[in-house]
Amino acid sequence: MSSSNLTVIVLAAGGGTRMRSKTMKVLHPIGGRSMIGHVLAAVQAMQPERVVAVVGHQRDQVGPHITSLMPEAVLAVQDEQQGTGHAVRVAVEALTVGSSDGQPGTALRGTVVVAYGDTPLLTGDSLRSFAAEHEAAQCAVSILSGIVARPFGYGRVVRDEDGDVLAIVEEKDATPQQREIAEINSGILAFDAEFLAEALPRIGNDNANGEYYLTDTVQLARDAGLTVGAYPIDDVMQTEGVNDRVQLAALAREHNDRIVTRWMREGVTIIDPTTTWIDSDVVLERDVTILPGTQLLGVTVVAEDAVIGPDTTLKDCEIGAGARVVRVHGELAVVGASAEVGPFSYLRPGTRLGSEGKIGGFVETKNAVIGDGAKVPHLSYVGDADIGEGTNIGAGTIFANYDGVAKHRTRIGRHAKTASNNTFVAPVEVGDGAATGAGTVVRRDVPAGALAVSAGPQRTIMGWALRRRAGTPQAHAAEAAGAPREEAPGEASHDTDPG
Ligand code: UD1
Ligand code: MG
């Protein structure tokens, strides 16, 4: 479809005071994207020639955000919010600043669609078909309307007995009869550009709010004998805006329901849709299973047959086919095919677990590359490390990466076996096929195939509990087990072979 004559104006200058937030309303996120991010994505799907975003309140926050998402969008600044008609006039003026003759409106041609920045459920398909209907009917103005049970607060679409649209009347200006009308203006309007350019300067502010209403263009078109269309959208939630945090939560829930439903239809098993949250940009392959209490956030990708959850949060993670991720908190981590993670693991940025590898219970990893089939099964911290394929790290191992000033890396080779309760004091290297004894503090490199042991020899003092803990249950138990009272001279035993 051709969009070469399409201009889209997104209104986002309003204050959003009912959010009671230092963050501008349209920047509040739903499904991992700002509300205006959702609107801009829908607008992008129309492939418009020009996009103008009208910013005002907190434009230092909103302007750069819009530019980061859509660099080609023109930002128009509306210092004082004098109504939607005024906002669109500001947008049109911003477009003509650079035009050759500097005359307002000359840069406009074709169709102009006006949308709001706070309608996160809006889709590109809906905008496209609305613009197509508008163009096919050759209307001066078209209204994307909606039939709602509670029209309070909205502009009502007033039609004559033939069903032709006469006007949009705002709540405060409506007669009691007009307030009964269930067809409302969603706020999304389409205009013939030439008509809009002529109509904008003629909009007055003689109304209950003292504002310039964009909706007055309907009456102006009728007075000029031009056609006005109104097309009710079936899915009215798509045009619903957010004014406070209660509506934010309601639309976030609705957005999530839609995403979860879409993935189930695509072949993903979701055991509990109500406790599963999936962001807009997440990608799931077929036969993924998601267990209750799971949040898949950001640009997380999960490959086929992986099982995620329960109670797992993954942000910007990549999970390989057939992997199992149980009760995990992960961010910017990559988990290989058929690998196992959890329960209760914390994957921090830069974690890369190879295929069939394992990161087990109560293990924290960061900037850690763990090879294929390598395992860190229990109670460990692995920071700034490379662990080769097939290597096993003993329970309770700490990769001491920080000397108080700088971070250093530990490298462990392939098929090494390090024992329990080790500390690797970085920078340090352990070679391929090397081993360590329990409790070793590895401060110096261990060559390939070597065994490193640093724990001191064990000293055993016979009869200690009977002498030093006399009268306690400990001493009684030792006595009952036949423990001698005295330490025979020269009898202290030494464990000289920790392997
Ligand atoms: C508007 C419509 C109403 C419609 C309703 C749908 C008008 C006069 N009324 O009413 O028919 O049913 O939306 O939600 O158009 N904005 C600016 N600058 C301004 C004023 C508003 O950028 O000077 C932006 C706001 O940030 C908001 C949008 O335009 O995103 C709508 O403004 P709002 O004040 O909410 O209009 P409503 O009174 O709700
Ligand atoms: Mg409103």
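The structure under discussion appears in the preceding block.
Parameters and conventions
Residues numbered from 1 in each chain as written. Chains lettered and ligands numbered in written order. Predicted model: local features only at pLDDT ≥ 70, side-chain atom pairs only at ≥ 80, totals over all residues. Heavy atoms only, no water. Helix = DSSP H or I, 4+ residues; strand = E, 2+ residues; numbered from the N terminus. Rg over C-alpha atoms; globule rule 2.2 N^0.38 Å. Buried < 20%, exposed > 50% of the residue type's maximum accessible area, 1.4 Å probe, protein only. Contact = heavy atoms within 4.5 Å. Areas by Shrake-Rupley, 256 points an atom, 1.4 Å probe, with all protein chains shown as cover. Lys, Arg positive; Asp, Glu negative; His and termini not counted. Charge placed at Lys NZ, Arg CZ, Asp CG, Glu CD. Near = heavy atom within 4 Å. Polar contact = N/O pair within 3.5 Å; in protein donor to acceptor, adjacent residues only side chain to side chain. Nonpolar A, V, L, I, M, F, W, Y, C, P; charged D, E, K, R; others polar. Salt bridge = Lys/Arg side-chain N within 4 Å of Asp/Glu carboxyl O. Pairing = 2+ DSSP bridges.

A.B. asks: An account of the overall build of the protein chain is needed here, citing residue identities and associated values.
C.D. replies: Broken down by element type, the protein chain carries 10 helices and 39 strands. On C-alpha atoms alone, the protein chain measures out to a radius of gyration of 34 Å, which is more than a quarter above the 23 Å that the 2.2 N^0.38 rule sets for 499 residues. Taken over 499 residues, the protein chain has a buried fraction of 47%. Looking at the protein chain alone, contacts between residues at least 24 apart form 41% of all its contacts between residues at least 6 apart. Carbon and sulfur atoms make up 50% of the accessible area of the protein chain, which amounts to about 23500 Å² in all. With 43 positive and 62 negative side-chain charges, the protein chain shows a spacing of 9 Å between the two charge centroids.

A.B. asks: Residue-level account of the site of ligand 1, with values.
C.D. replies: Taken together, 19 residues form the shell around ligand 1, and within it Q78, G83, T84, E170 and N185 come nearest. Between ligand 1 and Q82 there is a distance of 3.3 Å, counted from an oxygen atom to a backbone nitrogen or oxygen. N185 is positioned with one of its backbone polar atoms (N or O) 2.6 Å from an oxygen atom of ligand 1. Elements with a contribution of two residues or more to the shell around ligand 1: β1 (6-12), α3 (84-96) and β10 (183-192). Looking at the shell around ligand 1 residue by residue, the classes come out as 8 nonpolar, 10 polar and 1 charged.

A.B. asks: Describe the pattern of salt bridges, with residues and values.
C.D. replies: Side chains that differ in charge, positive against negative, can pair when their charged atoms come close. On inspection of all chains with the given rule, the structure shows 21 salt bridges. With a closest N to O distance of 3.8 Å, D257 and R253 form a salt bridge. With D257 and R253 both in helix α8 (residues 245-265) and 4 residues apart, the pair spans about one turn of that helix. On the accessibility criterion, D257 (30% relative accessible area) is partly exposed. A relative accessible area of 29% means that R253 is categorised as partly exposed.

A.B. asks: Which residues make up unusual backbone geometry, and what are the values?
C.D. replies: Here the amide bond leading from G342 into P343 is cis, since omega sits at -5 degrees, within 30 degrees of zero. On the secondary structure map, P343 appears in the loop between β24 (340-341) and β25 (345-347). Along the chain, A426 connects to P427 via a cis peptide bond; the corresponding omega equals 0 degrees. Of note, the phi angle at D305 is positive, near 70 degrees, even though the residue is not glycine. You can see D305 is positioned in the loop between β17 (301-302) and β18 (307-308). A positive phi angle, near 45 degrees, is found at L379, a position not held by glycine.

A.B. asks: Which residues make up the pairing of β1, and what values do they have?
C.D. replies: The element β1 is largely enclosed, with a buried count of 7 among its 7 residues. The alternating pattern of β1 places L6, V8, V10 and A12 on one face and T7, I9 and L11 on the opposite face, and all of these are buried. Judged from the 6 bridges that link them, β1 and strand β6 (residues 111-116) form a sheet pairing that is parallel. Within β6, the residue paired with V8 across the bridge is V113. Summarising the sheet, β1 and strand β4 (residues 50-55) pair through 6 bridges and their orientation is parallel. When the bridges of β4 are listed, V8 appears paired with V51.

Geometric descriptors of this kind do not, in isolation, establish any biological role.
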